[in-house]
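# Reading the structure
The lines below spell out each chain.
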Amino acid sequence: MSIEIRSVCCTYGSGTPFETKALKNISLTIEKGEFVGIMGRTGCGKSTLIQAIAGLIPISGGQLLLDGEDINAKSYDRSVLRRKLGIVFQYPECQLFEQTVERDVAFGLKHSGLSNNEVHDRVKWALSVCGFDYDKVCKLSPLGMSGGEKRRIAIAGVLAVKPEYLILDEPIAGLDPLGRAAFLNLVTGLNAEGMTIIMISHNADCIAEYARRIIVLDNGELAADGTPQELFADADKMRALHLGVSRSRELGLMLTEKGFDISPAACTYDELFSAVYGILKGGGSDE
C-alpha cells in the first residue's frame with residue numbers, strides 16, 4: 001500500500017511562450033502510514049505535486065501509482081481514487097458553502113451509495129473525530145465559526161469519506177497557536193490510527209515536531225529527502241535551499257558556538273531539552 005511517483009514531469013503552458021516546467025523527473029515512494037512533510041520556497045512545485053498525486057491536474061510524463069494502480073491509466077476507476085485519497089487545500093474554510101455544518105460535512109457523500117442512516121453516522125463520526133459535539137454544531141452555520149473550527153469542519157468533510165491518504169496544503173497558515181496545536185494534534189491522531197499524512201508547510205517547527213520524513217522541492221526538482229533530524233542537521237544546505245531549520249535547531253547551533261556539545265540531530269524541543277539536560281547533569285559544556 002503506497003503512493004509511487006515514477007519520473008513524473010508536469011509542464012504548464014506547453015508549446016507556448018509561457019511554458020513552465022513545474023515538476024522535473026520526480027521519483028519517490030510514500031509508504032502507507034507515513035507522515036510526510038513537503039517543504040520548498042514559493043513556486044518550487046509543492047502544490048503541483050500534491051494536485052498531481054490527487055489526480056486533479058494532468059502530468060506530462062511518468063507515472064503516479066496508488067496502491068499499485070496507475071491513476072492516469074484510461075482503465076483506472078477514478079471513484080477509487082476519491083475514496084482512498086482526501087485533500088484539504090490551503091484556507092479550506094473558504095470552501096465551506098452549505099447552510100449547516102451537517103450538510104457541509106455530508107456533501108462529499110452525496111454519490112457514495114450510502115443510505116441516509118449511514119451518511120448520518122459518517123457525519124457524526126467525522127465531527128467527533130475533529131473534536132465537535134454533533135448535537136451542538138450540526139445545525140449551525142459553518143461560516144459563523146472561528147478559523148480553527150472552520151478548518152476542522154473542512155477536514156471532517158474529507159474524513160467522512162474515510163480516506164486512507166490525507167493531503168494537507170499549508171493547514172496551519174493563519175491559525176493562532178491554540179488553533180494550530182489543536183489541528184496538528186488531530187492530524188497526529190489520525191496518523192497514529194494508520195492514515196497516511198502528506199503535509200505541505202513552510203513552518204519548520206511544525207515539520208520538525210510532527211513529520212517523520214521531509215521531502216524538499218527546489219525549482220521543480222527533488223532536492224532532499226530524509227528525516228527531520230537528517231535534513232535539519234545540515235543547516236547550511238537548508239539555508240541554501242532558501243528554507244530555515246527549526247528554532248530548536250537554531251538554538252542548538254548557538255549553544256554549539258558557545259562550546260556546548262549539542263547533537264546536530266536535536267531539531268525538536270524535546271530533543272534539545274534532553275541534550276541540554278544531559279550536559280547540565282553531566283557537569284556542563286566543554287569550556
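Up top is the structure these notes are about.
Residues numbered from 1 in each chain as written. Predicted model: local features only at pLDDT ≥ 70, side-chain atom pairs only at ≥ 80, totals over all residues. Heavy atoms only, no water.

In a regular helix each residue adds 1.5 Å, so 14 residues correspond to 20 Å; helix 4 (residues 116-129) covers 20 Å between its end C-alpha atoms and thus fits that length. For helix 4, the set of buried residues is Val119, Val123, Ala126 and Leu127. In a view along the axis of helix 4, the buried residues occupy a sector of 95°, so they form one face of it. Packing partners of the buried residues in helix 4 comprise helix 3 (101-106), helix 5 (134-137) and helix 6 (147-159). (Helix = DSSP H or I, 4+ residues; strand = E, 2+ residues; numbered from the N terminus. Expected span 1.5 Å × (residues − 1). Buried < 20%, exposed > 50% of the residue type's maximum accessible area, 1.4 Å probe, protein only. Arc of directions from axis to C-beta. Contact = heavy atoms within 4.5 Å.)

A few words now on the sheet that holds strand 10 (residues 221-226). Backbone-to-backbone hydrogen bonds pair the strands of a sheet. The strands run either parallel or antiparallel. Within the open sheet, the 6 strands sit side by side as 6-7-8-3-9-10. Their pairing is mixed. With one partner strand each, in any of the chains shown, strand 6 (85-88) and strand 10 form the two edges of the open sheet. Mean inter-strand twist for the sheet, computed between neighbouring axes without regard to direction, equals 15°. In terms of strand pairing, strand 3 (residues 35-39) meets strand 8 (residues 196-200) through 4 bridges, oriented parallel. From the neighbouring strand, Val36 faces strand 8, where its bridge partner is Ile198. (Pairing = 2+ DSSP bridges. Axes fitted to C-alpha atoms, helices over the stretch in contact; angles between N-to-C directions.)

Glancing now at unusual backbone geometry. With phi around 50°, Ser7 is a residue other than glycine that occupies positive phi space. Residue class for Ser7 comes out partly exposed when judged on its relative accessible area of 35%. In this structure, Lys162 is a non-glycine residue whose phi angle is positive, near 60°. Among the structural elements, Lys162 can be located in the loop between helix 6 and strand 7 (165-169).

We now examine the environment of Phe183. Structurally, Phe183 can be placed in helix 7 (residues 177-192). C-alpha of Phe183 to C-alpha of Ile262: the two residues are 79 residues apart in sequence and 31 Å apart in space.

Another point: the side chain of Ser248. Tracing the backbone shows Ser248 in helix 11 (residues 247-257). Residue class for Ser248 comes out buried when judged on its relative accessible area of 11%.

Considering all chains together, one arrives at 1 cavity of 30 Å³ or more under this definition. Approximately 30 Å³ is the volume found for the largest cavity. Looking at the largest cavity, the residues that line it are Ile3, Ile53, Leu64, Leu65, Leu66, Ile71 and Leu85. Among the elements that line the lining of the largest cavity, the one with the most residues is strand 4 (residues 61-66), at 3 residues. Its residues assigned to classes, the lining of the largest cavity shows 7 nonpolar, no polar and no charged. (1 Å grid on protein atoms, 1.4 Å probe; cavity = no way out; pocket = protein on both sides within 12 Å on 5 of 7 lines; lining within 4 Å. Points joined across faces, edges and corners; volume = space filled by probe spheres on them. Nonpolar A, V, L, I, M, F, W, Y, C, P; charged D, E, K, R; others polar.)

Along strand 7, 5 of the 5 residues are buried, which leaves the element largely enclosed by surrounding structure. Bridging between strand 6 and strand 7 involves 4 bridges; their strand directions are parallel. Opposite Ile87, over in strand 7, you have Ile167 as the bridge partner. Where strand 7 lies against strand 8, 5 bridges are found, and the strand directions are parallel. Pairing of Leu166 across the sheet is with Ile197, part of strand 8. Remark: the strand 7/helix 7/strand 8 crossover connection has right-handed handedness. (Right-handed = clockwise from strand over helix to strand, strands pointing away.)

What follows is about the packing of aromatic side chains. Inspection of every chain in the model, using the stated rule, returns 3 aromatic pairs. For the ring pair Phe273 and Tyr277, a centre distance of 6.2 Å and an interplane angle of 10° mean the geometry is stacked. Of this pair, Phe273 and Tyr277 both sit in helix 12 (residues 269-282), separated by 4 residues, roughly a single helical turn. Residue Tyr277 is classed as partly exposed on the basis of its relative accessible area of 48%. Chaining the aromatic ring pairs together yields one cluster made of Tyr269, Phe273 and Tyr277. Over the ring of Trp125 we find Lys162; its NZ or CZ atom is 4.8 Å from the centre of that ring. (Phe/Tyr/Trp six-rings, centres within 6.5 Å; stacked < 30°, edge-to-face > 60°. Lys NZ or Arg CZ within 6 Å of the ring centre and 35° of its normal.)

Here the largest pocket is characterised by a volume of approximately 880 Å³. Surrounding the largest pocket, 30 residues form its lining, Phe107, Gly108, Gly157, Val158 and Val161 being those nearest its centre. Of all elements in the fold, only helix 2 (78-84), strand 6, helix 3 and helix 6 reach the threshold of two or more residues within the lining of the largest pocket. By volume, the second largest pocket amounts to about 200 Å³. Taken together, Pro177, Arg180, Ala181, Leu184, Asn203, Asp205, Cys206, Glu209, Tyr210 and Arg247 make up the full set of residues lining the second largest pocket. Of all the secondary-structure elements, those providing two or more residues to the lining of the second largest pocket are helix 7 and helix 8 (204-210). Among the residues forming the lining of the second largest pocket, the class breakdown is 5 nonpolar, 1 polar and 4 charged.

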